[in-house]
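Structural overview for review
Spelled out, the chains give:
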Amino acid sequence: MSELAGKVAIVTGGASGIGRGIATRFAAEGADVVIADVRDDLGEALAAELNSAGWSTVYHRTDVADQAQVAELVTAAAATFGGLDIMVNNAGISSPLKKGLFDEDLDEFDRVMRVNLLGVMAGTRDAGRYMSEHGGGSIINLGSIGGIQAGGGVSSYRASKAAIIHFTKCAAIELAHYEVRVNCLAPGNIPTPILASSATDEDRERLERFEARIRAQMRDDRPLKREGTAEDVAEAALYLATDRSRYVTGTVLPVDGGTVAGKVIVRKPATTDGTAR
C-alpha cells in the first residue's frame, strides 16, 4: 500500500468524520499527512495513533475561517515535510436545525460561509499557489449532494456546498495551466458528527429524531442499499489524489450510493406472460 509514497498531503477537518477517514487512508498509502483541525484533543490523538502504526503524520491547529491560518498551514506543511502535493479542503460545519425557511434567522450564515466556502477558497488558492511553483498537484474539495440536489432545511449549509461545486470548476480551469488538478467530492448519506454539532442541548432529542427520519428516507431513495462510510469517501479521495486521475479535473464525484442519479423505482412482479401486475 504505497500509492502516495513520497507525497505530502493536508487534510483540513481531519480529526473526525470523513476527514479522519481520508487522513488515515492517505497515511496508510505512504503519504506524509498534516491533520488540520480546531479539535486539538481529537487531532493530537489521531496523529499519535497513526504514528504508532508506523505512518508519518502531524497535527496542526487551523481554523479555516481565518485566511492567515490557512496560509500558515500550507507554509508549515512544506516546511515540515519538504513539499505539498495534495490538499484536501474538507473542514465544514452545518447550519443549525430549524423547522423551516420562515424560522431561519440566518444568524449562522457568516460562520457557515467562512468555514465551508471561504476555507475551501483560501485552501485552494494557497495550496494552488505553492503547487504552481513546484510541479503541480491535486486539490480535492469536499462538497455534498446537498449542493447538487435541492431540499428543505439547513439552507446556509446547502448554499455553501453548491458554491463549493461551482468554485471548484472555476479553479480547475484557472489552475490547469500549472498542472494543478482541482476536483470535488460530493458525499451523501455518510454518518458523521457534522449534523449533531449544530444542535443545542434543547433540540438534541429533536435532532436525533429528525436525523433518524432523514436517514430512513435516504435509505429508501438510495439505489445501493449498503450504508456509506467515511472509508468509502476516502477511497474516492485516494483516486483523485493519485496519478490514476491525472487527466481528471473540474469534476464533481458524488459518493452517495447512487442517490443523485434518481429515486428507486419499485416495480411490481411480472405475471407469467411478462406483463406487469
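Calculation rules
- Residues numbered from 1 in each chain as written.
- Predicted model: local features only at pLDDT ≥ 70, side-chain atom pairs only at ≥ 80, totals over all residues.
- Heavy atoms only, no water.
- UniProt positions renumbered as here; feature names shortened; annotations may be inferred.
- Helix = DSSP H or I, 4+ residues; strand = E, 2+ residues; numbered from the N terminus.
- Buried < 20%, exposed > 50% of the residue type's maximum accessible area, 1.4 Å probe, protein only.
- Contact = heavy atoms within 4.5 Å.
- Areas by Shrake-Rupley, 256 points an atom, 1.4 Å probe, with all protein chains shown as cover.
- Pairing = 2+ DSSP bridges.
- Axes fitted to C-alpha atoms, helices over the stretch in contact; angles between N-to-C directions.
- Expected span 1.5 Å × (residues − 1).
- Bend = angle between axes of the 7 residues up to and from the residue.
- Salt bridge = Lys/Arg side-chain N within 4 Å of Asp/Glu carboxyl O.

- For the chain, an unreviewed UniProt entry supplies the name Short-chain dehydrogenase/reductase SDR and the organism Mycolicibacterium aurum.
- According to its UniProt record, the chain has this under Sequence similarities (unreviewed entry): "Belongs to the short-chain dehydrogenases/reductases (SDR) family."

**Comments concerning the overall build of the chain**
- Summing up its helical and strand segments, the chain has seven helices and seven strands in all.
- Start at the N end of the chain and walk to the C end: the helices and strands fall as β-α-β-α-β-α-β-α-β-α-β-α-α-β.
- Classification of the 277 residues of the chain by burial places 48% in the buried group.
- At a minimum sequence separation of 6, the contacts of the chain that also span at least 24 residues come to 73%.
- If you sum the accessible surface of the chain, you get close to 13700 Å²; carbon and sulfur atoms cover 54% of it.

**Section: the sheet that holds strand β5 (residues 137-142)**
- With parallel pairing, seven strands are arranged side by side in an open sheet as β3-β2-β1-β4-β5-β6-β7. Edge positions in the sheet fall to β3 (56-61) and β7 (252-255), since each of these pairs with one other strand and no more. Direction aside, the axes of adjacent strands within the sheet are offset by 20° on average.
- In this sheet, β7 lies alongside strand β6 (residues 180-187) in parallel orientation, the contact comprising four bridges. In the strand pairing of β7, Leu185 is matched with Leu253.
- Against the sheet, helix α5 (residues 155-175) contacts β5, β6 and β7, and its axis sits at roughly 160° relative to β6.
- Helix α7 (residues 230-241) contacts β4 (86-89), β5, β6 and β7 of the sheet and is inclined by roughly 165° relative to β6.

**Quick look at helix α4 (residues 109-132)**
- When the terminal C-alpha atoms of α4 are compared, their 32 Å separation across 24 residues agrees well with the 34 Å that a helix rising 1.5 Å per residue should span.
- At Leu118, α4 shows its largest kink, close to 35°.

**Comments concerning α7**
- Between its terminal C-alpha atoms α7 stretches 16 Å, which fits the 16 Å expected from 12 residues at 1.5 Å a residue.
- Tucked inside the fold, the buried residues of α7 contact α1 (17-28), β4, β5, β6 and β7.

**Quick word on unusual backbone geometry**
- Here Leu106, not a glycine, exhibits a phi torsion of approximately 60°, which is positive.
- In this fold, Leu106 is placed in the loop between β4 and α4.
- The phi dihedral of Asn189 falls on the positive side, at around 60°, and the residue is not glycine.
- Mapped onto the elements of the fold, Asn189 is located in the loop between β6 and α6 (204-221).

**Some words on the pattern of salt bridges**
- Inspection of the entire model under this criterion finds 10 salt bridges.
- The partner of Glu29 in a salt bridge is Arg25, with the nearest N and O atoms 2.8 Å apart.
- For Arg25, the salt bridge is made with Glu235, and the minimal N-O distance between the two is 2.5 Å. Pair noted here: Arg25 is in helix α1 and Glu235 is in helix α7, with a separation of 210 residues, a long-range link.
- Via salt bridges that share partners, Arg25, Glu29 and Glu235 belong to a single interconnected network.

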